[in-house]
Amino acid sequence: MAGLDVIWADRQDLPASDRGLAYGDGLFETIRVEGDQPLLLRRHLERLVAGARRLAIPVPPDQLQQLVGEALEHYGRPSAWVLKLVLTRGSGGRGYRPPTQCRPRLVLSCHAMPPLPAPDGVTATVASTPLVVNPELSGLKSLNRLEQVMASQNQPAESYEAVFTDTGGRLLEGTRTNLLLRFDGQWWQPPAEGIAVAGVMAAALADGLTAAGERVRQRPLPLSLLTRPECEGLYLTNSVIGAVPVRKLGCLYLPIDNTLATICDPLKLPK
């Protein structure tokens, strides 16, 4: 297997011929790092490699792991920061049709840790346009994120997140978060095959809750569930913020439940 062409974002520019730039032909990961300790690194790299396999982009896992180690040394900071990996198919091919033999490109960059939401909950809005997920691309953290860009652009300034529904009005995910609902003493997540991004934090939380003896189910989440008395709380989750409760979604006020923090601290989950 050929190796990766490496771009250090603070030293080099991405060629204009890159297919990730031209067509969104690639994947990305955003990894929270505490000093020199990346959180959930194994899950991030496994998702990147699995996604690359689905797109037929050859990625040497050993080189990927080595480059992350180099990035931690190169960009390391004493406080929390974010390491971003962008994997593209590289350059070449005719139009959309990729080359028979590609030389993948990996872009590594360092970013400031975004402000964390208040632990007492955030306000979110329901995206005005439903999210339609192509089954061939479901779960992939691909570079194609125009639906998320438009929903973020249109959400009110006071809203922390825009939450997508499908065409049937069922909750799917946020523009940058996954959903976790506590309902009647159980934990519910939308079905994996229907969401755009299979979040590493969502998976880690499901594993952590299961290990603690909690029941975690995947099932459709109609908006009407949030108005039922059995609804105990809705969480937004991703690998940078961990998990934050939603206190208001649109015009609907939701209960705030602190059970998750007492059972499973999202930022102390195994790598």
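Residues numbered from 1 in each chain as written. Predicted model: local features only at pLDDT ≥ 70, side-chain atom pairs only at ≥ 80, totals over all residues. Heavy atoms only, no water.

Brief notes about the packing of aromatic side chains
Step number 1: On inspection of all chains with the given rule, the structure shows five aromatic pairs.
Step number 2: Between W8 and Y75, the ring centres sit 5.9 Å apart and the planes meet at 50 degrees, which makes this aromatic pair tilted. On the criterion of sequence distance, the pair formed by W8 in strand β1 (residues 5–8) and Y75 in helix α3 (residues 61–75) is long-range, its members being 67 residues apart. An identical accessibility class is assigned to W8 and Y75; each is buried.
Step number 3: Ring geometry for Y23 versus Y96: centroids 5.1 Å apart, planes at 65 degrees, classification edge-to-face. In this pair, Y23 sits in helix α1 (residues 19–23) while Y96 sits in the loop between β4 (80–88) and β5 (105–112), placing the two residues 73 residues apart along the sequence.
Step number 4: A relative accessible area of 34% means that Y23 is categorised as partly exposed.
Step number 5: Pairwise contacts between aromatic rings join W8, Y75 and W81 into one cluster.
Step number 6: Taking NZ or CZ as reference, R11 lies 5.6 Å from the ring centre of W8, over its face.
Step number 7: The ring of Y160 has R176 sitting right over it, with the charged end atom 4.5 Å from the ring centre. (Phe/Tyr/Trp six-rings, centres within 6.5 Å; stacked < 30°, edge-to-face > 60°. Helix = DSSP H or I, 4+ residues; strand = E, 2+ residues; numbered from the N terminus. Buried < 20%, exposed > 50% of the residue type's maximum accessible area, 1.4 Å probe, protein only. Lys NZ or Arg CZ within 6 Å of the ring centre and 35° of its normal.)

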